[in-house]
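Structural features, examined
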Amino acid sequence: MLQKLRSASPAALARALIAGCFLLRLGIYLCYAPPPIFWDAQDYQVIARNVADHGNYEDACHRKAHRSPLYPLTLALLRKTFPGESLWRLATGIGQALLHAGAAWLLFRVATAWGGTTAGLLFLACWLLDPFMNFLSALTLSENLTLFLLPALLASLLTAWNRPSLSGKDGIVPGALSALLSLSHFSYLPLALLLAGIFLARKRKRMVLVWLACLLAGISPWLVRNHLVFGTFPVLTTSFGWSLYEGMSPDATGGTCLNETRTPPSLAALDECRTHQELLRVSWRLMRQDPGRVARLALVKILNLWNPRFNLPEFRRHALAPVVAGWTLLTYGAALLGLLRYGTGGGKFLALAPFLTLTLVHAFFPGSVRYRLPVVPLLDLWAAVGLASLW
């Protein structure tokens, strides 16, 4: 067996590792997936059922734009295509596993370009064995969609980075992927604008114009739909105001017990959109009143985001929790080594932009380890490049 591994070509090893990732993540989901734990996961399931069965985009609380549309609409499409709870669950598991395998393939190519075949294979091995990803792949989370879309966007940009000239059509794919990311969660819109700004600074004006046009065209149907429903344009979702209030309310401690946030009694009679607007206003007022508290909460939330340990007590009690914490610390160290060894030349710093925007967003909004899921593939990428430099 060992002799066969030694004689196998890198391409064959890569295919085997990617297939192994697909089968492992699918098996974990089918064998261990619990009912939805987090409130947003419950909402996504309800919305998907309502869309597929009744054609109505609405969650359990009758909110019509509280959740970003891409993930629940994807679940609804699977439910419509594969009717019945068992088939729907199987299709969801296969879809999530395919997204994980797709991210592996995309970043294998990036790792190979940065650090050679050894880095590429090390990335696939890290991605396959990563206990944090394997643990959370049992859950039906919207982050399983963005952990594919984000590497896809970065891979397209890294391919374009070293070209001597770019035309307008080179902005189509980044624009489409930016729109999909923004529709998966509003927090990815700042990242898309930051990345577009970087290319604009390199005088790639035609590409950026097409990029932004495709981004706007992609999110416009959702904005128009919201205008028809509410008579105004919420910021992609009405959860923007609620999420900011969760992070800044008088009850906020920087912790992750989000479901305990109390809504101001004065908002009880307001509709969804006006509640969103009022929560935004209250949140900004609280931030202006005590900037020091904002900074203290930000530190706690950032530490929660990048905590090697799980935040929730029930997850910390799991037998795999110490393994996850140890692996994460080793990954952080190897990723730092990769960054120090290879720097940010050749557009590599584009792969740092998601870490920056994710950290800044969750300095204001609630922070939790699950929110870093979409950038874990990039962490494994930097770690693999760092480890490959030791060979």
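Report follows, based on the coordinates. As the structure is a computational prediction, the values presented were derived from the model and not from experiment. As a convention, each chain's residues are numbered from 1 in the sequence order in which they are written. Owing to the predicted nature of the model, reporting of local features is limited to residues with pLDDT of at least 70; listing and counting of side-chain atom pairs is limited to 80 or more, with chain, interface and lining totals taken over all residues. Side-chain metrics rest on all non-hydrogen atoms present in the structure, leaving aside hydrogens and water.

1. What about the overall build of the chain?
Only DSSP runs of H or I reaching four residues or more are called helices, and only runs of E reaching two or more are called strands; each is numbered from the N terminus. Looking only at helices and strands, one finds 17 helices and zero strands in the chain. Every radius of gyration here is taken over C-alpha atoms, with the globule rule written as 2.2 Å times N^0.38, N being the number of residues. Computed over C-alpha atoms, the radius of gyration of the chain comes to 21 Å, within 12% of the 21 Å expected from 2.2 N^0.38 for 391 residues, which places it in the range of a compact globule. By principal-axis analysis of the C-alpha atoms, the chain measures approximately 70 × 50 × 45 Å. Relative accessibility decides the category of a residue: with a 1.4 Å probe and only protein chains considered, values under 20% of the type maximum give buried, values over 50% give exposed, and everything between is partly exposed. When each of the 391 residues of the chain is scored for burial, the buried share is 54%. Contacts are residue-level and defined by heavy atoms, with any inter-residue pair within 4.5 Å sufficient. Within the chain, contacts between residues at least 6 apart in sequence are counted, and of these 78% link residues at least 24 apart.

2. Side note on the nonpolar core
Buried Ala, Val, Leu, Ile, Met, Phe, Trp, Tyr and Cys residues form a nonpolar core when they are joined through side-chain atoms within 4.5 Å. Grouped together as the largest cluster of nonpolar side chains are 114 residues, with contacts concentrated most on Phe123, Phe132, Leu195, Phe199, Phe310, Leu350 and Leu381. For this core, the leading source of residues is helix 5 (residues 85–129), giving 20 residues. Residues Trp242, Tyr245, Leu279 and Val282 belong to the second largest nonpolar core, which totals five residues.

3. Topic: the packing of helix 9 (residues 188–201) against helix 16 (residues 353–364)
Fitted lines through C-alpha atoms serve as axes, helices being fitted only where they are in contact, and the angles separating the N-to-C directions of these axes extend from 0 to 180 degrees. Two numbers describe how helix 9 lies on helix 16: the axes approach to 10 Å, and their chain directions differ by 140°. It follows that helix 9 is oblique to helix 16 by the angle criterion. For the element pair helix 9 and helix 16, the recorded crossing hand is right-handed. Mapping the contact onto sequence places Leu191, Leu194 and Leu195 in helix 9 and Ala353, Pro354, Leu356 and Thr357 in helix 16. Each residue gets one of three labels, nonpolar for Ala, Val, Leu, Ile, Met, Phe, Trp, Tyr, Cys and Pro, charged for Asp, Glu, Lys and Arg, and polar for the others, Gly among them. Partitioned by chemical class, the residues of the contact of helix 9 with helix 16 number six nonpolar, one polar and no charged. For classification purposes, an angle smaller than 35 degrees is called roughly parallel, one larger than 145 roughly antiparallel, one from 65 to 115 roughly perpendicular, and anything else oblique. We call a crossing left-handed when the near helix sits turned anticlockwise from the far one by less than a right angle, and right-handed when that turn is clockwise.

4. Looking at the pattern of salt bridges
Should the charged atoms of two oppositely charged side chains come close, the side chains can pair. The salt bridge criterion pairs a side-chain nitrogen of Lys or Arg with a carboxyl oxygen of Asp or Glu, the two atoms within 4 Å. Within this structure, the stated rule accounts for 11 salt bridges. One salt bridge in this structure joins lysine 64 and glutamate 58, with 2.6 Å as the shortest N-O distance. Lysine 64 gets classed as partly exposed once you look at its relative accessible area, which sits at 28%. Its salt-bridge partner being aspartate 59, residue arginine 63 comes within 2.7 Å of it at the nearest N-O pair. Note on arginine 63: relative accessible area 21%, which makes it partly exposed. On the basis of relative accessible area, aspartate 59 is assigned to the buried category, the value being 2%. Counted as one network, the salt bridges with shared partners bring together Asp43, Asp59, Arg63 and Arg67.

5. A word on the packing of helix 7 (residues 143–161) against helix 9
Orientation of helix 7 relative to helix 9, taken along the N-to-C sense of each, is 5°, at an axis distance of 12 Å. On the basis of the axis angle, helix 7 is roughly parallel to helix 9. Where helix 7 approaches helix 9, its residues Thr146, Leu150, Leu153, Leu154, Leu157, Ala160 and Trp161 are matched on the opposing element by Tyr188, Leu191, Leu195, Ile198 and Phe199. Here the contact of helix 7 with helix 9 is built from residues that sort into 11 nonpolar, one polar and no charged.

6. So, the environment of leucine 153
Along the chain, leucine 153 turns up in helix 7. Under the relative-accessibility criterion, leucine 153 is labelled buried at 0%. Sequence spacing of leucine 153 and glutamate 314 is 161 residues, and the spatial spacing of their C-alpha atoms is 34 Å. Those residues in contact with leucine 153, other than ones at most four positions away along the chain, are Pro174, Leu177, Ser178, Leu181 and Leu195.

7. Quick notes on helix 17 (residues 376–388)
In this analysis, the expected span of each helix is defined as 1.5 Å times one less than the number of residues it contains. With 13 residues, helix 17 should cover 18 Å at 1.5 Å per step; its first-to-last C-alpha distance of 18 Å lies within 8% of that length. Within helix 17, burial applies to Val376, Pro377, Leu378, Leu379, Asp380, Leu381, Trp382, Ala383, Ala384, Val385, Gly386 and Ala388. Contact partners of the buried residues in helix 17: helix 5, helix 6 (131–136), helix 7, helix 15 (321–342) and helix 16.

8. Considering unusual backbone geometry
One non-glycine residue, histidine 62, lies in positive phi territory at about 65°. With respect to the helices, strands and loops of the structure, histidine 62 is situated in the loop between helix 3 (39–54) and helix 4 (70–81). Under the relative-accessibility criterion, histidine 62 is labelled exposed at 57%. The phi torsion at lysine 203 lies on the positive side, around 65°, for a residue other than glycine. Considering the arrangement of structural elements, one finds lysine 203 in the loop between helix 9 and helix 10 (205–230).

9. Remarks on the packing of aromatic side chains
Each pair of aromatic rings is reported with the distance of its centres and the angle of its planes. Here a pair means two rings of Phe, Tyr or Trp (six-membered ring of Trp) with centres within 6.5 Å. Their orientation is stacked below 30 degrees between planes, edge-to-face above 60, and tilted elsewhere. Evaluation of the coordinates by the stated rule reveals 14 aromatic pairs. Relative to tyrosine 71, the ring of tyrosine 44 lies with its centre 5.3 Å away and its plane at 80°, an arrangement referred to as edge-to-face. Placement of tyrosine 44 in helix 3 and of tyrosine 71 in helix 4 is noted, with a sequence separation of 27 residues between them. On the accessibility criterion, tyrosine 71 (5% relative accessible area) is buried. An aromatic cluster of at least three residues, connected via ring pairs, comprises Trp161, Phe199, Trp211 and Phe349. Directly above the aromatic system of tryptophan 88 lies the positively charged group of arginine 79, at a separation of 4.7 Å from the ring centroid. Only when the NZ atom of a Lys or the CZ atom of an Arg is both within 6 Å of the ring centre and within 35 degrees of the ring normal do we say a charge sits over the ring.

10. Some thoughts on the side chain of serine 389
Considering the arrangement of structural elements, one finds serine 389 in the segment after helix 17. The contacts of serine 389, once residues within four sequence positions are left out, are Leu337, Arg341 and Tyr342.

11. Looking at the side chain of glutamate 143
Positionally, glutamate 143 belongs in helix 7. The contacts of glutamate 143, once residues within four sequence positions are left out, are Arg370, Tyr371, Leu373 and Pro374.

12. With respect to a nonpolar patch on the surface
Excluding any residue in a salt bridge, patches collect residues exceeding 30% relative accessible area, merging like charges within 9 Å and nonpolar Val, Leu, Ile, Met, Phe, Trp and Tyr side chains within 5 Å. With residues, only the protein chains shown are counted as cover, and all accessible areas are computed by Shrake-Rupley using a 1.4 Å probe. A surface patch of nonpolar side chains, about 460 Å² in accessible area, is lined by Leu30, Phe82, Leu87, Leu90, Ile94 and Leu98. Sort the elements by how many residues they give to the nonpolar patch and helix 5 lands first, with four residues.

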